[in-house]
Amino acid sequence: MLNPDILSAIPEAFQPLAGMLKEMNVENDVYGGNSFEIITCGRRKRELLLEDIRKAKSFIHIEYFRFGNDKAGREVRNLLIQKAREGVEVRFLNNNWSGVVAIPNSYWEPLIRAGAEIIPFTHIKHGIGKWLYRIFHQQHRKVVVIDGQVAYTGGMNLNDNYFFKWRDTHLRMTGPIVPALNESFMDSWRASGGRFSYPPEHYRPEPVAQDAPFTGKTVQLVSDSPETQTSAMLETYEWVLDHARDYVYIQTPYFVPPPSFIGSLTSAARRGVDVRVMLPMEVDTPFFGTCNRSYYTECLRAGVRILERGGEFIHSKTLVSDDAFSIIGASNLDWRSFHVNYEINTLIYDRETALYNKTVFEEDRELVKEWQLGEWLRGRKWYHAAISWFVHRVYRLL
């Protein structure tokens, strides 16, 4: 059960959602009194993250799906080397199979020699069964925790694409949410064979909410893993769509959701909710653009507004609804995020934040092409319909 004081800080219409998620998983807790900055520019994340790492005095915990052997990655790595030499505990959990597979061991050696600990999410030494399992079920979370006081999470990985090229959304957070993010990291670290130098209490200092653009906010941290029977984020999206009164605006780079999600999406549009889905015009992964578009016909016929954004690739995974609720997270709207990968997302129950995220969505529309049903159908080829049929049937078999 949620604390009554915490529950009262959540807009009444969304209190059932918060309670449902907490019942699904005790880790899906709600925390009041948080401060954060919403980061929509990779250069801003770079500025903030490097400054926070420079100020670190006790420990730095990092886990990323992708970490680059490029300007951004080397800049962070070199600063971590400096902090490790100063005696700061540096722990880095990397998704070594797909996220940083191109990085040679020599890249990590200076960091290790400086005293940092680097652990791969999956390794053959964990046992063949666990190794194979984790090759398929990847760690897709993006989390940094510094001294138990500052945390980063959201959609941005750490390489040149995210710092300098793409449009994405991330959070820098302080307050009670930080220990929860740190606990998530610690669980992943232990599960990957890592240990800690001190008792757990050492890594749980009393959190302090610092000055930030948004202060005193109530947030819920929602984790997904392949070990859970149902996807908390899939349930969240469907609940919001089923209960929305006014609007639901969604941004996602990959749009291959299950039939139940499409059902909630189209049903909301048919009952008059302003449902908009913004996707990239050009996708970074081969064939995924075609997969994304395999759902357009069904959505457009129901009244869902499909917006394709040009310019830099948009990797943002967000939702805003009814001037009261927002999601900023790591989960895509696809099968892997909902059922296969380890994910983490932040739900924000707050009007001020929702209005800001709504404004961000509207500003992103400057580079958007909105599809109309007639125009879309006229441009369809026979093979587009064949691909749509294939994608839909494959999803139903998963």
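For every chain, the first residue of its written sequence is number 1, and the numbers climb from 1 along that sequence. Side-chain atom pairs in this predicted model are given and counted only at pLDDT of 80 or more, local residue features only at pLDDT of at least 70, and totals for whole chains, interfaces and linings cover all residues. Hydrogens and waters are ignored; side-chain quantities use all the structure's heavy atoms.

### Looking at the overall build of the chain
Starting at the N terminus, helices and strands are each numbered in turn, a helix being any DSSP run of H or I of at least four residues and a strand any DSSP run of E of at least two. Along the backbone of the chain there are 16 helices and 17 strands. What the globule rule says is 2.2 Å times the number of residues to the power 0.38, and the radius of gyration is computed from C-alpha atoms. Computed over the C-alpha atoms, the radius of gyration of the chain is 21 Å, within 12% of the 21 Å expected from 2.2 N^0.38 for a compact globule of 398 residues. When the backbone C-alpha atoms are referred to their principal axes, the chain occupies close to 65 × 50 × 40 Å. Counting across all 398 residues of the chain, residues that qualify as buried make up 58%. At a minimum sequence separation of 6, the contacts of the chain that also span at least 24 residues come to 81%. Values of accessible area rely on a 1.4 Å probe in the Shrake-Rupley scheme; residue burial ignores everything except the protein chains shown. For the chain, the exposed area adds up to about 16300 Å²; of that, 51% sits on carbon and sulfur atoms. The charge count includes Lys and Arg as positive and Asp and Glu as negative, but it does not include His or the ends of the chains. A charged residue contributes its charge at one atom only: NZ of Lys, CZ of Arg, CG of Asp or CD of Glu. For the chain, the separation between the mean place of its 47 positive charges and that of its 48 negative charges on side chains is 6 Å. Exposure is judged per residue with a 1.4 Å probe applied to protein chains only, and the accessible area is read against the type maximum: over 50% gives exposed, under 20% gives buried, and values in between give partly exposed. Residue contacts are counted whenever heavy atoms from the two residues lie within 4.5 Å of one another.

### A word on the packing of helix α4 (residues 71-85) against helix α5 (residues 105-113)
Working convention: axes come from line fits to C-alpha atoms, limited for helices to the stretch in contact. Angles between N-to-C directions cover 0 to 180 degrees. Packing of α4 against α5 leaves a shortest axis separation of 8 Å and a crossing angle of 25 degrees. Our classification of the angle between α4 and α5 gives roughly parallel. You can see that α4 and α5 cross each other, and the crossing is left-handed. Contacts from Gly 73, Arg 74, Arg 77, Leu 80 and Ile 81 in α4 reach Tyr 107, Pro 110 and Leu 111 in α5. Each angle receives one of four descriptions, namely roughly parallel if under 35 degrees, roughly antiparallel if over 145, roughly perpendicular if within 65 to 115, and oblique otherwise. Handedness of a helix crossing follows the sense of rotation of the near helix relative to the far helix, less than a right angle counterclockwise being left-handed and clockwise being right-handed.

### Describing α5
If you check which residues of α5 are buried, you get Tyr 107, Trp 108 and Leu 111. The buried residues of α5 all sit within an arc of 80 degrees when viewed along its axis, so they share a single face. Exposed and facing more than 90 degrees away from the buried side of α5 are Asn 105 and Arg 113. Immediately downstream of α5, the backbone of Gly 115 shows phi near 115 degrees, a positive value. The arc refers to the directions leading from the helix axis to the C-beta atoms.

### Some thoughts on the pairing of strand β7 (residues 170-174)
Most of β7 sits inside the fold, with five of its five residues counted as buried. Burial along β7 is two-sided: His 170, Arg 172 and Thr 174 facing one way and Leu 171 and Met 173 facing the other are all buried. Should DSSP find at least two bridges between two strands, the strands are regarded as paired. Strand direction decides the pairing type here: strand β1 (residues 30-39) and β7, joined by five bridges, are antiparallel. Pairing of Phe 36 across the sheet is with Met 173, part of β7. Summarising the sheet, strand β6 (residues 150-154) and β7 pair through four bridges and their orientation is antiparallel. Looking at β7, one finds that Tyr 152 is bridged to Arg 172.

### Section: helix α10 (residues 259-270)
Here α10 is 12 residues long and its end C-alpha atoms lie 16 Å apart, about the 16 Å a rise of 1.5 Å per residue gives. Looking at α10, one finds that the buried residues are Phe 261, Ile 262, Ser 264, Leu 265, Thr 266, Ala 268 and Ala 269. Where α10 is buried, its residues contact α9 (232-243), β9 (247-251), β10 (255-256), β11 (274-280), α12 (296-302) and β15 (333-334). For a helix, the expected span equals 1.5 Å multiplied by the residue count minus one.

### Considering the side chain of Arg 167
Mapped onto the elements, Arg 167 comes out in the loop between α7 (160-165) and β7. Arg 167 sits in the buried class, given a relative accessible area of 5%. A polar contact of 3.0 Å, which involves the side chain of Arg 167, links it to the side chain of Thr 169. Setting aside residues no more than four positions away along its own chain, Arg 167 makes contact with Thr 40, Gln 251, Arg 309, Glu 312, Phe 313, Ile 314, His 315, Ser 316, Val 360 and Asp 364. Within 3.5 Å is the distance limit for a polar contact, defined as a pair of N or O atoms, with the added protein rule that one can donate a hydrogen and the other accept it, and that residues adjacent in sequence qualify only through two side-chain atoms.

### Things to note about the packing of α9 against α10
Each packed pair of helices is defined by two parameters, the angle between the axes and the distance between the axes. Running from N to C, α9 and α10 cross one another at 20 degrees; their axes reach a closest spacing of 8 Å. The orientation of α9 with respect to α10, classified from their angle, is roughly parallel. Remark: the crossing between α9 and α10 carries left-handed chirality. Between α9, through Leu 234, Tyr 237, Glu 238, Leu 241 and Asp 242, and α10, the contact on the second element is made entirely by Ser 260, Phe 261, Ser 264, Leu 265 and Ala 268. Under this grouping Gly is polar, as are all residues other than the nonpolar Ala, Val, Leu, Ile, Met, Phe, Trp, Tyr, Cys and Pro and the charged Asp, Glu, Lys and Arg. Residue classes in the contact of α9 with α10 are distributed as six nonpolar, two polar and two charged.

### Some details on the nonpolar core
Ranked by size, the top nonpolar core spans 47 residues in total, and within it Phe 255, Phe 261 and Leu 265 carry the most contacts. Among the elements that line this core, the one with the most residues is α9, at seven residues. Excluding its chain neighbours within four sequence positions, the residues that come into contact with Phe 255 are Phe 261, Ile 262, Leu 265, Val 277, Leu 279, Phe 288, Cys 291, Asn 292, Tyr 295, Cys 299 and Leu 333. Buried Ala, Val, Leu, Ile, Met, Phe, Trp, Tyr and Cys residues form a nonpolar core when they are joined through side-chain atoms within 4.5 Å. In terms of nonpolar packing, the next biggest core, distinct from the first, is built from 38 residues, Phe 67, Ala 72, Val 76 and Val 283 among them.

### Thoughts on the packing of aromatic side chains
In this scheme Phe, Tyr and Trp rings, the latter by its six-membered ring, pair at centre separations within 6.5 Å, and the angle between planes marks the pair as stacked below 30 degrees, edge-to-face above 60, and tilted otherwise. Scanning the entire structure with this criterion turns up 25 aromatic pairs. Between Phe 255 and Phe 261, the aromatic rings sit 6.5 Å apart at their centres with planes inclined by 75 degrees, giving edge-to-face as the arrangement. What makes Phe 261 buried here is its relative accessible area of 0%. Site record: aromatic cluster; members linked through ring pairs are Tyr 237, Phe 255, Phe 261, Tyr 295 and Phe 338. For the cation-ring pair, Arg 77 lies above Tyr 107, with the distance from its terminal atom to the ring centre recorded as 4.5 Å. Sitting over the ring of Trp 371, Lys 369 keeps its end group 4.5 Å from the ring centre. Any Lys NZ or Arg CZ that is within 6 Å of a ring centre and within 35 degrees of that ring's normal is treated as a charge sitting over the ring.

### Quick notes on the side chain of Thr 153
Mapped onto the fold, Thr 153 is located in strand β6. Of the polar contacts made by the side chain of Thr 153, one reaches the backbone oxygen of Lys 142; its length is 3.1 Å.

### Topic: the pattern of salt bridges
Put simply, a salt bridge is a Lys or Arg side-chain nitrogen that is within 4 Å of an Asp or Glu carboxyl oxygen. Applying the stated criterion across every chain yields a total of 25 salt bridges. Where Asp 29 meets Lys 22, a salt bridge forms, and the shortest distance between an N and an O atom there is 3.5 Å. You can call Asp 29 partly exposed: its relative accessible area is 23%. The buried category is assigned to Lys 22, whose relative accessible area is 14%.

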